[in-house]
Amino acid sequence: DTGVSQDPRHKITKRGQNVTFRCDPISEHNRLYWYRQTLGQGPEFLTYFQNEAQLEKSRLLSDRFSAERPKGSFSTLEIQRTEQGDSAMYLCASSQPRVPSTDTQYFGPGTRLTVL
Amino acid sequence: KQEVTQIPAALSVPEGENLVLNCSFTDSAIYNLQWFRQDPGKGLTSLLLIQSSQREQTSGRLNASLDKSSGRSTLYIAASQPGDSATYLCAVTTSGTYKYIFGTGTRLKVLA
């Protein structure tokens, strides 16, 4: 069990470029979550998957954002035509819930995106 | 709509003090409440999870309580140490969904 990993850890891009982030969850976890955290704020939910199915999306996830989990293992988050307001830490988490009350999400180290 | 608030936003204490961090939420229909620690520029580390049917959880010098009816939780840290310096976040999972709703955190600094 190596924990949740994210790649890259840092990304600097110019406004208008596309970026893609990857998340590898803990191997037996069937739920995978994406959150976004801006400076001085708590993380905000973006979307989550159960296996390969995307079950919930936040209104924060504009048309420029797309997330996939094609084989129910790793996930990618793509941002098209980046804007300066997209600058944030993007956090991935995974869980293997048995009952909702005991569901614990394990977080990765995050990908820090800076849009110039 | 669930909203989570944490008070204070920042706290600075001398080493050895006992301290209390507060978290409040507006919708009491929750599955659980979880406290996390976040070091600067890093991801989140889970500290304690309290199920909705529980009143408190303890781990080492940490004790978290939950009063679901009043929408409040506290995180008690005993005998604080400089290594406890971090941002502490609380998050709730509201019934019917599995996403976390986070507070804005309390930035703790423990002075040696």
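Before reading on, note that the structure itself is shown above.
Residues numbered from 1 in each chain as written. Chains lettered and ligands numbered in written order. Predicted model: local features only at pLDDT ≥ 70, side-chain atom pairs only at ≥ 80, totals over all residues. Heavy atoms only, no water.

Asks: When you look at unusual backbone geometry in this model, what are you seeing that I'm missing?
Replies: Between Asp-7 of chain A and the following residue, Pro-8 of chain A, the backbone shows a cis peptide bond with an omega angle of -5°. By the element assignment, Pro-8 of chain A lies in the loop between strand S1 (5-7) and strand S2 (10-13). At the junction of Ile-7 of chain B and Pro-8 of chain B, the peptide bond is cis and its omega measures out at 0° in the coordinates. Mapped onto the secondary structure, Pro-8 of chain B falls in the loop between strand S1 (4-7) and strand S2 (10-14). (Helix = DSSP H or I, 4+ residues; strand = E, 2+ residues; numbered from the N terminus.)

Asks: Explain the sheet that holds strand S3 (residues 19-24) of chain A here, please?
Replies: Strand pairing within a sheet occurs via backbone hydrogen bonds; the two strands may be parallel or antiparallel. Residue and element names in this part refer to chain A. One open sheet holds the four strands; their spatial order is S1-S3-S8-S7, and the pairing between them is antiparallel. Each edge of the open sheet carries a strand with a single partner, namely S1 and strand S7 (65-68). Within this sheet the neighbouring strands show an average axis-to-axis angle of 15°, counted without direction. With three bridges joining them, S1 and S3 adopt antiparallel strand pairing. Across the sheet, Gln-6 pairs through a bridge with Cys-23, a residue of S3. (Pairing = 2+ DSSP bridges. Axes fitted to C-alpha atoms, helices over the stretch in contact; angles between N-to-C directions.)

Asks: Please clarify how the nonpolar core should be interpreted in this entry.
Replies: One recurring pattern in soluble globular proteins: nonpolar side chains tend to sit buried together. In terms of nonpolar packing, the biggest core is built from 22 residues, with Phe-25, Leu-33, Trp-35, Leu-75, Ile-77, Tyr-88 and Leu-108 of chain B touching the most fellow members. Leave out the neighbours within four places in its chain, and Tyr-88 of chain B touches Gln-6, Leu-21, Phe-36, Arg-37, Leu-47, Leu-75, Ile-77, Gly-105, Thr-106 and Leu-108 of chain B. Judged by nonpolar contacts, the second largest core, of 19 residues, contains Leu-32, Phe-49, Phe-65 and Ala-67 of chain A. (Core = buried A, V, L, I, M, F, W, Y, C linked by side-chain atoms within 4.5 Å. Buried < 20%, exposed > 50% of the residue type's maximum accessible area, 1.4 Å probe, protein only. Contact = heavy atoms within 4.5 Å.)

Asks: I'm lost on the pattern of salt bridges in this one. Help?
Replies: Pairing is possible between side chains that carry opposite charge, provided their charged atoms lie close to one another. One pass over the structure, following the stated rule, counts six salt bridges over all chains. The salt bridge partner of Lys-99 of chain B is Glu-56 of chain A, with a shortest N-O separation of 2.9 Å. Of the two residues, Lys-99 of chain B is situated in the loop between strand S9 (86-94) and strand S10 (100-102) and Glu-56 of chain A in strand S6 (residues 53-57); the pairing between them involves two chains. Residue classification places Lys-99 of chain B among the partly exposed residues on the basis of a relative accessible area of 21%. A salt bridge links Arg-64 of chain A to Glu-83 of chain A; the shortest N-O distance between them is 3.4 Å. Of this pair, Arg-64 of chain A sits in the loop between S6 and S7 while Glu-83 of chain A sits in the loop between strand S8 (75-79) and strand S9 (88-95); the two residues are 19 residues apart in sequence, bridging distant segments of the chain. Its relative accessible area of 41% is what places Glu-83 of chain A among the partly exposed residues. (Salt bridge = Lys/Arg side-chain N within 4 Å of Asp/Glu carboxyl O.)

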